[in-house]
Amino acid sequence: MDRPVVCIVGRPNVGKSTLFNKIVRKRIAITEDNPGVTRDRIYSEAEWLNKYFTLIDTGGLEPEAEEIIPTHIRQQVEIAIESADVILFIVDGMEGVTSTDRDIANMLRKSGKEVLLVCNKIDTKGVSDQIYEFYELGLGSPIAISAEQGLGIGDLLDEVIKHFPEHKDIEYDDEHVKIAIIGKPNVGKSSLINNILGEDRVIVTDIPGTTRDAIDTYFTYGEDKYIFIDTAGLRRKRSIFEKVERYSVIRTLTAVDRSDICVLVIDATEGVSEQDTKIAGYAHDNGKGLIIAVNKWDLIEKETNTHLEFEKDIRNKLSFISYAPIVFISAKTGKRVDRLFQLLKVVNNNINLRISTGVLNDIISEAILLSQPPSDKGVRLKIYYGTQVGVRPPKFLIFINKKELMHFSYQRYLENQIRKYFGFDGTPIQFEFKEKG
Ligand code: GDP
Ligand code: GDP
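Residues numbered from 1 in each chain as written. Chains lettered and ligands numbered in written order. Predicted model: local features only at pLDDT ≥ 70, side-chain atom pairs only at ≥ 80, totals over all residues.

So, the site of ligand 2
So the rule is basically this: As a rule, any residue with its backbone-derived C-beta atom within 6 Å of a molecule or strand is reported as near that molecule or strand. Note on conventions: DSSP H or I runs of at least 4 residues are helices, E runs of at least 2 residues are strands, and numbering of each starts at the N terminus. Gly counts as polar in this scheme, as do all residues outside two lists: the nonpolar Ala, Val, Leu, Ile, Met, Phe, Trp, Tyr, Cys and Pro, and the charged Asp, Glu, Lys and Arg.
Neighbouring ligand 2 are 16 residues; G188, K189, S190, S191 and K332 lie closest to it. With three residues, helix α5 (residues 189-197) is the single largest residue contributor to the shell around ligand 2. Classifying every residue of the shell around ligand 2 gives five nonpolar, seven polar and four charged.

Have a look at this one:
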């Protein structure tokens, strides 16, 4: 699902993170213990009136101390303009308009993005005179809130969801497979993209249109049509900020959201790192197809079993994505990039695969026969039947007698039984259990 992205920008101390926490507070408790990156608290799922969106606090991207403030705010605003569907520009109602506010307003006006001007720290009810001076920023009527007191937040969110694009997915036709190349800085993501786009059998297509299209690359590889998500962010590294991990995280997460399949690039000379785990966790949680590409394979001195040892290490450290195929590549020499495309084809097939209800229930019946479902206090788990209710990723709805009896280990067992017959290589599988009397 392609959720709208809302970015909070503004100079330091205007109340960005206070507002962020107010909006996402209840979600954070839920997402705290997943392996995704959400706990960094600069990025979270949020919801208002059943509309789900991704909220980003660019203030969470505070740079190391010695960096110059204006430059870093400029970076935040640029990232917001690139990534967001709606930008919340926060100003401080107690301090009034500052020159930095004017600079930010200029950038935002030029961007053509949906911008809401939010005047924070209006702590007493009723419209305050303080907000009028902000009309000079040329971004329409300021919306008065108090992030700290929780005043005006509901009205603000009403306004936010009004500005969501109607059908985000329509930007893309479905024949293109959307690929996000993800991974830490310096693992070779841009080298890989450049290598692929430089290949003879690749034809890059220009798609005239929206600003968002300009950051993606449409191309064909043989018969197949693809989009590289956020190629611009990867290919043009405009400053050292691009190499700062925090910034690359935002880029990565929005790219994952918009993709069908993620290629997680790992540096062979470094192995699997903590950040790789987080990024993989995020792709997994969001139901994306996943391929692991071990890059810089040309730098590794190889003996007979080298790749098997690597594979073992990856399977250990990334055990929750054991379904993801692994390919050893070199973005520098182009080695096995063709194999990567074979895998993309397979995985694209699998994320869209449907199994018929009849076959699914044969598999379930056999699974129950082979391993009896667990019981608790004399009550045994009963599985009545299941049906596939979705693709991208494949999702199964299973009717059972009592939800508490469905333990994770039995769910994992069912998943393995389904994979035994259908593989589903490269795609997560999701389950929903419903009680039926
Ligand atoms: P950020 O740097 O933009 O993320 O700002 P913070 O959220 O860290 O807030 C900066 C300061 O402003 C903190 O001391 C907050 O307690 C305070 N603050 C935030 N929102 C409000 C508000 O609505 N009213 C008042 N009076 N103070 C606020
Ligand atoms: P990114 O930050 O993930 O986009 O990484 P880059 O594509 O900028 O690559 C980082 C560095 O690794 C550059 O110096 C590349 O030349 C180098 N590099 C990338 N891929 C390979 C590879 O397959 N083999 C070797 N030897 N070097 C590579």
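Describing the domain arrangement of the protein chain
We count it as follows: Where each domain starts and ends comes from a domain assignment, either automatic or drawn from a database. For every residue pair, C-beta atoms are placed from the backbone, and the pair is scored as a contact if these atoms sit within 7 Å.
Under the domain assignment, the protein chain is made up of domain 1 (5-163), domain 2 (177-351) and domain 3 (357-435). Here the C-alpha centre of domain 3 lies 31 Å away from the C-alpha centre of domain 2. Tallying the contact residues gives 14 residues for domain 2 and 10 residues for domain 3. Ranked by residues supplied to the side of domain 2 that touches domain 3, first place goes to helix α11 (residues 337-351) with five residues.

Some remarks on the sheet that holds strand β1 (residues 5-9)
Condition: Should DSSP find at least two bridges between two strands, the strands are taken to pair. In this analysis an axis means a line fitted to C-alpha atoms, helices contributing only their contacting stretch, and an angle means the value between N-to-C directions, from 0 to 180 degrees.
Spatial ordering of the open sheet is given by β2-β3-β1-β4-β5-β6, a layout of six strands whose pairing is mixed. Each edge of the open sheet carries a strand with a single partner, namely β2 (43-48) and β6 (143-144). Bridge analysis of β2 against strand β3 (residues 51-57) gives six bridges, and the strand direction is antiparallel. Pairing of E47 across the sheet is with Y52, part of β3. Seen against the sheet, helix α3 (residues 99-111) touches β1, β4 (86-92) and β5 (114-120) and runs at an angle of roughly 165° to β4.

Some remarks on the sheet that holds strand β16 (residues 383-390)
Pairing is mixed across the open sheet formed by three strands, whose spatial order is β16-β17-β18. Unpaired on one side and paired on the other, β16 and β18 (430-435) mark the two borders of the sheet. Between one strand axis and the next, the sheet turns through 25° on average, direction left out of account. Pairing of strand β17 (residues 395-400) with β18 involves six bridges; the strand directions are parallel. Bridged to F399 within β18 is K434.

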